[in-house]
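# Observations on chain architecture
Here are the chains, one letter per residue:
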Amino acid sequence: MYTGKRNKPCCLCGNPDTESRLDLPPRAVQQLDNSGPIAWQDIVGEVSIYFCESDWETVVDLVLDTGMSPLGRCNAARADLDLREDFEALLNDVRDEPDQTPKEREMREESRRVIEEYEDDDHVEVRDLVEARVITWALEDLETDDAVAADD
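What you see is a predicted model, and the numbers here were worked out from it, not measured in a lab. Residues take numbers from 1 onward in each chain, read along the sequence in its written order. Local features in this predicted model are restricted to residues of pLDDT 70 or higher, and side-chain atom pairs are both shown and tallied only at a pLDDT of 80 or more, whereas totals for entire chains, interfaces and linings draw on every residue. For the side-chain quantities, the full set of heavy atoms in the structure was used; hydrogens and water were omitted.

### As for the overall build of the protein
- Each helix is a run of H or I in the DSSP string that is no shorter than four residues. Each strand is a run of E no shorter than two, and both are numbered from the N terminus. Scanning the protein from terminus to terminus reveals 4 helices and 3 strands.
- When the helices and strands of the protein are listed from N to C terminus, the series reads β-β-α-β-α-α-α.
- The contact criterion used is simple: two residues touch if any of their non-hydrogen atoms lie within 4.5 Å. Taking as baseline every contact in the protein between residues at least 6 positions apart, the subset at least 24 positions apart corresponds to 75%.

Here you go:
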């Protein structure tokens with residue numbers, strides 16, 4: 001069954017056989033390796049990154065045991081994302097940037113819920129916990145970066 005997602009190779013090693021996927025808010029693409037040319041403001045929906053079986057085990061250990069995010073090592077060229085259509089050049093019209101705040105808020109709230117439930121209940125999947133922590137860390141880092149840029 002098609003779910004609207006294209007299966008991309010592992011964002012760490014490029015292996016086409018992937019086991020797990022993490023869905024991230026659009027701004028998190030800035031933390032991926034080789035993300036410079038991607039305008040995160042033009043991303044529609046979430047950014048999905050995939051991991052092969054061996055890399056997924058490493059990511060789980062890195063996130064749950066070490067408390068570190070894997071995003072800096074993930075190649076943005078292997079991420080699954082949708083960019084909004086560029087009608088500006090065709091119509092000579094400037095469109096407003098999409099407001100990503102509601103999507104980020106929804107993902108942050110869901111991440112908090114998953115983390116709280118995991119601490120109280122073992123029925124939460126490890127994949128969901130890893131995704132929740134990575135999203136939480138990414139948004140916290142981006143808020144810190146925004147605050148530093150505002151101070152400059």
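### As for the nonpolar core
- Formed by 27 residues in total, the largest nonpolar core has its most connected members in Leu32, Ile49, Phe51, Leu71 and Val130.
- Elements that contribute at least two residues to this core include exactly strand E1 (20-24), strand E2 (43-51), helix H1 (53-66) and helix H4 (126-151).
- With 6 residues, the single largest contributor to this core is H4.
- Ignoring sequence-local partners within four residues, the contact set of isoleucine 49 consists of Cys11, Ser20, Arg21, Leu22, Leu24, Leu32, Leu71, Cys74 and Ala79. Side-chain atoms within 4.5 Å are what join buried Ala, Val, Leu, Ile, Met, Phe, Trp, Tyr and Cys residues into a set we call a nonpolar core. Only protein chains enter the accessibility calculation, which uses a 1.4 Å probe. A residue is then buried if its area is under 20% of the maximum for its type, exposed if over 50%, and partly exposed in between.

### Some points on the environment of alanine 28
- As for its placement among the helices and strands, alanine 28 is situated in the loop between E1 and E2.
- Overall, alanine 28 belongs to the buried group, its relative accessible area being 1%.
- Sequence separation of alanine 28 and glutamate 104 is 76 residues, and the distance between their C-alpha atoms is 9.9 Å.
- Dropping the residues within four chain positions of it, alanine 28 is found in contact with Leu71, Ala138 and Leu142.

### A word on a negative patch on the surface
- Surface patches are defined over residues having more than 30% relative accessible area and no salt bridge, joining like charges when they lie within 9 Å and nonpolar side chains (Val, Leu, Ile, Met, Phe, Trp, Tyr) when within 5 Å. Per-residue and other accessible areas were derived by the Shrake-Rupley procedure at a 1.4 Å probe size, with only the shown protein chains allowed to occlude residues. Salt bridges are defined by distance alone: a side-chain nitrogen of Lys or Arg within 4 Å of a carboxyl oxygen of Asp or Glu. Counting rule applied: Lys, Arg positive; Asp, Glu negative; His and chain ends not counted. For the purpose of locating charges, the reference atoms are NZ of Lys, CZ of Arg, CG of Asp and CD of Glu. On the surface, Glu19, Glu53, Glu57, Asp61 and Asp65 cluster together to form a negatively charged patch.
- Relative to the helices and strands, glutamate 53 resides in helix H1.

### What about unusual backbone geometry?
- Even without being a glycine, asparagine 34 presents a positive backbone phi close to 65 degrees.
- One can find asparagine 34 in the loop between E1 and E2.

### What to know about the environment of leucine 83
- Structurally, leucine 83 is set in strand E3 (residues 80-83).
- Taking relative accessible area as the criterion, leucine 83 reaches 53% and is therefore assigned exposed.

### Some points on the pairing of E1
- Of all 5 residues that make up E1, 4 are buried, and the element is covered over most of its length.
- Any two strands with at least two DSSP bridges between them are considered paired. Pairing of E1 with E2, which is carried by 5 bridges, proceeds in the antiparallel orientation. Across the sheet, the residue bridging to arginine 21 is tyrosine 50, located in E2.

### Quick word on the sheet that holds E3
- With respect to topology, 3 strands assemble into an open sheet ordered E1-E2-E3, the strand pairing being antiparallel. Across the chains shown, the open sheet's two edge strands, defined by having one partner strand only, are E1 and E3. Between one strand axis and the next, the sheet turns by 20 degrees as a mean value, whatever way the strands run. Working convention: axes come from line fits to C-alpha atoms, limited for helices to the stretch in contact. Angles between N-to-C directions cover 0 to 180 degrees.

### Considerations on the pairing of E2
- Sheet topology places E2 next to E3; 3 bridges connect them, and they run antiparallel. Paired with serine 48 across the two strands is aspartate 80, which belongs to E3.

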